Amino acid sequence: MIDPSPTNSSSVYRGRLAPSPTGLLHLGHARTFWIAAERAATHGGQVIFRNEDLDAQRCRPEFVQAMLEDLRWLGIKWVEGPDCGGPAGPYQQSERRGHYLEAWEKLRDLGMIYPCTCSRKDVTQAAGAPNDLDDEPVYPGKCRPKPGGDSRLGRPATAEPSGAPAPAGLNWRFQVPDGEEITFTDLYLGKQRMVAGRDFGDFIVWRRDDVPAYQLAVVVDDAAMGITEVVRGADLLKSTARQILLFRALGLAVPGYHHCDLVRDENGVRLAKRHDSLSIRKLRELGWTAEQVRAGKT
Ligand code: GLU
Ligand code: ZN
């Protein structure tokens with residue numbers, strides 16, 4: 001059983017705002033980011049801003065500008081970021097590929113990841129109905145290396161022993177320790193318990209389109225940027241369990257976690273970037289004050 005109590009708790013509080021520029025930030029983001037800023041202030045610390053723009057297909061430069069402007073308008077201040085620089089930069093993930101590649105290589109050399117040729121459709125069909133609509137299905141294991149095979153799971157037979165890293169063209173998955181309990185104490189929601197292989201399966205760390213996956217990038221960056229506490233929405237609870245496994249595999253300190261309640265619309269549907277009517281921008285145009293938007297009330 002793994003229960004990483006925040007290993008960084010004695011150091012100065014350092015939080016982060018890590019939005020993806022795939023749409024306008026909404027009331028839910030406003031509330032979560034405000035909580036992040038407040039927690040940093042309460043602990044005598046600071047937050048940094050990281051632009052999570054890895055997915056070039058979905059990210060747009062105009063949304064980067066909008067995120068920065070909207071969060072400034074809300075009254076949130078960050079000490080490092082894409083707009084102001086800082087010692088842990090660059091602060092846009094699209095410029096940090098070398099860091100992710102290094103981690104990918106390390107995981108491959110440790111035999112903890114393997115290439116997977118399954119399409120998304122293969123996985124959803126083989127996995128059957130998802131037990132959690134907010135999350136991806138458990139990977140059925142088709143491409144998982146067989147026990148007793150080459151212990152360096154990820155190394156394709158054709159790869160040069162010390163050749164250039166080549167994650168491209170295939171998905172790469174992290175092999176989770178089936179049946180192992182991953183527990184952590186959320187600073188807001190309390191004790192969390194997930195079972196690897198049941199609540200989540202082997203997950204992608206590098207995508208076939210040669211984009212590092214969210215799980216890998218976020219762990220590498222939270223560690224490289226010295227983040228002591230992660231504040232984000234409760235939709236990412238299972239991702240936290242995955243990320244704890246990656247921190248452990250890479251020998252990195254696990255931050256503390258504070259997962260916020262999700263803001264829902266009047267029909268009880270969790271806000272998404274398609275809820276343009278509840279975007280910070282729109283509400284501001286409608287005459288809402290920053291204080292009202294920060295409170296996240298619909
Ligand atoms: N960039 C992610 C998102 O906007 C959040 C990442 C995180 O907080 O870990 O959903
Ligand atoms: Zn596969």
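Before reading on, note that the structure itself is shown above.
The rules behind these values
- Residues numbered from 1 in each chain as written.
- Chains lettered and ligands numbered in written order.
- Predicted model: local features only at pLDDT ≥ 70, side-chain atom pairs only at ≥ 80, totals over all residues.
- Heavy atoms only, no water.
- Donors = N, O, S within 2.8 Å, 3.2 Å for Na, K, Ca; no water.
- Tetrahedral: all angles 85-135°; square planar, octahedral: opposite > 155°, others 65-115°.
- Helix = DSSP H or I, 4+ residues; strand = E, 2+ residues; numbered from the N terminus.
- Core = buried A, V, L, I, M, F, W, Y, C linked by side-chain atoms within 4.5 Å.
- Buried < 20%, exposed > 50% of the residue type's maximum accessible area, 1.4 Å probe, protein only.
- Contact = heavy atoms within 4.5 Å.
- Salt bridge = Lys/Arg side-chain N within 4 Å of Asp/Glu carboxyl O.

Asker: Which parts of the structure should I look at to understand the coordination of the zinc ion (ligand 2)?
Answerer: In ideal tetrahedral geometry, four donors around a metal make angles of 109.5 degrees, whereas ideal octahedral geometry with six donors gives angles of 90 or 180 degrees. Taken together, Cys 116 (SG), Cys 118 (SG), Tyr 139 (OH) and Cys 143 (SG) make up the full set of protein donors to the zinc ion (ligand 2), lying 2.1 to 2.3 Å away. Angles of 98 to 121° at the metal separate the four donor atoms of the zinc ion (ligand 2), which places the site in the tetrahedral class. Counting residues between consecutive donors of the zinc ion (ligand 2) along the chain gives the motif C-x1-C-x20-Y-x3-C. On the criterion of sequence distance, the pair formed by Cys 118 in the loop between strand E3 (113-116) and helix H4 (120-127) and Cys 143 in the loop between H4 and strand E4 (171-174) is long-range, its members being 25 residues apart.

Asker: Looking at this structure, how should I read the nonpolar core?
Answerer: Counting residues in hydrophobic clusters, the biggest one holds 40 residues, and the most contacted among them are Leu 107, Phe 174, Phe 200, Val 205, Leu 216 and Leu 246. If you list the elements that add at least two residues to this core, you get helix H3 (97-109), E4, strand E5 (181-186), strand E7 (203-206), helix H5 (214-224) and helix H6 (237-250). With eight residues, the top contributor of residues to this core is H6. In this structure Phe 200 touches Val 138, Val 176, Ile 182, Met 194, Val 195, Ala 241, Arg 242 and Leu 245, once residues within four positions along its chain are discounted. Residues Leu 25, Ala 40, Met 67 and Leu 71 belong to the second largest nonpolar core, which totals 28 residues.

Asker: In this structure, what is going on with unusual backbone geometry? I would like to understand it.
Answerer: Trans is the common state for peptide bonds, and a negative phi is the common state for residues other than glycine. Going from Gly 89 to Pro 90, the amide bond is cis rather than trans, its omega being 0°. In this fold, Pro 90 is placed in the loop between helix H2 (61-74) and H3. Unlike most non-glycine residues, Asp 210 shows phi in positive territory, near 70°. By the element assignment, Asp 210 lies in the loop between E7 and H5. Asp 210 gets classed as partly exposed once you look at its relative accessible area, which sits at 26%.

Asker: I'm lost on the pattern of salt bridges in this one. Help?
Answerer: Pairs can form between side chains of opposite charge whenever their charged atoms are close. Considering all chains together, one arrives at 21 salt bridges under this definition. Note that Glu 52 is salt-bridged to Arg 50, the shortest N-O span being 2.9 Å. The exposure class of Arg 50 is buried, given its relative accessible area of 0%. Through salt bridges with shared partners, one network takes in Arg 16, Arg 50, Glu 52, Arg 96, Asp 221 and Asp 222.

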